[in-house]
Amino acid sequence: MADVGVWYNQLPRFTRYWLTATIAASLGSRFGILPFHYVYLSRRLVLGEWELWRCLTSLVVYPLTSATGFHFLINCYFIVQYSGRLEKDQFNRSPADYLYMQLVISAMAVIGGLIFNVSFLMDILVVAVTYVWCHLNKDVIVTFWFGSRFKAIYLPWILAGLELVFHGSVASLIGIFIGHLYYFLKFQYPQDLDGGNFLETPRILKRFAPDVSGGMSGFGVPPANRNSQASPGGFTSNWGRGNMLGR
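Residues numbered from 1 in each chain as written. Predicted model: local features only at pLDDT ≥ 70, side-chain atom pairs only at ≥ 80, totals over all residues. Heavy atoms only, no water.

As named in an unreviewed UniProt entry, the chain is Derlin, taken from Glossina pallidipes. As stated in UniProt under Function (unreviewed entry), the record for the chain gives "May be involved in the degradation of misfolded endoplasmic reticulum (ER) luminal proteins." (UniProt positions renumbered as here; feature names shortened; annotations may be inferred.)

A. Molecular detail of the UniProt feature "transmembrane region" (unreviewed entry) in the chain. On the UniProt side, "transmembrane region" (unreviewed entry) is annotated at positions that read residues 17–40, 52–80, 100–133 and 165–185 here. Summarising residues 165–185: 86% helix, 0% strand, and an end-to-end C-alpha distance of 30 Å. (Helix = DSSP H or I, 4+ residues; strand = E, 2+ residues; numbered from the N terminus.)

B. Structural context of helix α7 (residues 122–136). An ideal rise of 1.5 Å per residue puts 21 Å on 15 residues; α7 measures up with 22 Å between its terminal C-alpha atoms. A large share of α7 lies buried, amounting to 15 of its 15 residues. (Expected span 1.5 Å × (residues − 1). Buried < 20%, exposed > 50% of the residue type's maximum accessible area, 1.4 Å probe, protein only.)

C. Layout of the pattern of salt bridges. Here the structure, examined in full by the defined rule, presents four salt bridges. Via salt bridges that share partners, Asp 97, Lys 206 and Asp 211 belong to a single interconnected network. (Salt bridge = Lys/Arg side-chain N within 4 Å of Asp/Glu carboxyl O.)

D. Region of the structure containing the packing of helix α5 (residues 69–89) against α7. α7 packs onto α5 with a crossing angle of 35° between their chain directions and a minimal axis gap of 9 Å. Note on packing geometry: the crossing formed by α5 with α7 is left-handed. Facing His 71, Phe 72, Asn 75, Cys 76, Phe 78, Ile 79, Tyr 82, Ser 83, Arg 85 and Leu 86 of α5, the residues of α7 in contact are Met 122, Asp 123, Val 126, Val 129, Thr 130, Val 132, Trp 133 and Leu 136. Here the contact of α5 with α7 is built from residues that sort into 12 nonpolar, four polar and two charged. (Axes fitted to C-alpha atoms, helices over the stretch in contact; angles between N-to-C directions. Left-handed = near helix turned anticlockwise from the far one by under 90°. Contact = heavy atoms within 4.5 Å. Nonpolar A, V, L, I, M, F, W, Y, C, P; charged D, E, K, R; others polar.)

E. Quick peek at the nonpolar core. Ranked by internal contacts, the top residues of the largest apolar core, which has 64 residues, are Leu 86, Met 101, Ile 105, Leu 121, Ile 124, Ile 178 and Tyr 182. Mapped onto this core, the elements with two or more residues apiece are α2 (13–30), α4 (54–60), α5, α6 (95–116), α7, α8 (155–167) and α9 (171–192). Ranked by the residues each element gives to this core, the list is headed by α6, at 11 residues. If sequence neighbours within four positions are ignored, Leu 121 has contacts with Leu 41, Ser 58, Leu 59, Ala 109, Val 110 and Gly 113. (Core = buried A, V, L, I, M, F, W, Y, C linked by side-chain atoms within 4.5 Å.)

F. Looking closely at unusual backbone geometry. Of note, Trp 50 is a non-glycine position whose phi angle comes to about 60°, a positive value. On the secondary structure map, Trp 50 appears in the loop between α3 (43–48) and α4. Assessed through its relative accessible area of 61%, Trp 50 is described here as exposed. In the Ramachandran plot, Asn 117 falls in the positive-phi region, its phi being about 60° despite a non-glycine side chain. Tracing the chain through its elements places Asn 117 in the loop between α6 and α7.

G. Broad picture of α8. In this model, α8 (13 residues) spans 18 Å end to end at C-alpha, consistent with the 18 Å of a helix rising 1.5 Å per residue. By the burial criterion, the buried members of α8 are Leu 155, Pro 156, Leu 159, Ala 160, Leu 162 and Glu 163. Down the axis of α8, the smallest arc covering the buried residues is 165°, so these residues share one side. In this structure, the buried residues of α8 make contact with α5, α7, β2 (149–151) and α9. Positive backbone phi, at 65°, marks Gly 168, one or two positions downstream of α8. (Arc of directions from axis to C-beta.)

As structure tokens, this is what we get:
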């Protein structure tokens, strides 16, 4: 238990908050503390009955059953791995920038969920954050099923393809679109196309989570190649060995 506590406390701040909120809310819904019929996202209930709290609960509640429990654990693993790495590496000096990214992606996930009638948004959030990490680390090698190896940039598309074929869900495709839109507006448009920065972090968030002094942040400058930080054989994602992201 002590080791678990040490591991938990070493998680980056906002990744830890996200993981904790998701586990607590999902377990609360599973055991009836949060009534299930009050937490899912519904276009009719949000836009027609103004039950706006569903926009928040659908972000952190996942419908836990005996059939979905394993997938929930896989999503939690992705939060730890890819959100944790993103916050620790690219956003290590600017925690407010990471928080703003989460807020922007969450808002777009709610809009996507309302448009495409997705009741729970965990899959969308996880894939969107993974997409951003993969594009900032596009040359890192990940390992997938049966030892197949490929660049990280292809991982979200493979996940979305498997989910669409085996489960008929478009949640991962929505996550890819959101992740790409964020990446384009935050990185490509202002840096590659000399456009404006539409996603500049508000000052109120900077006051809430001040920048860390002492060195330059890697945030805002997509690395050309992250392989120098990986092991000689490349970064390996253990998740890819026989597990699928999808309902």
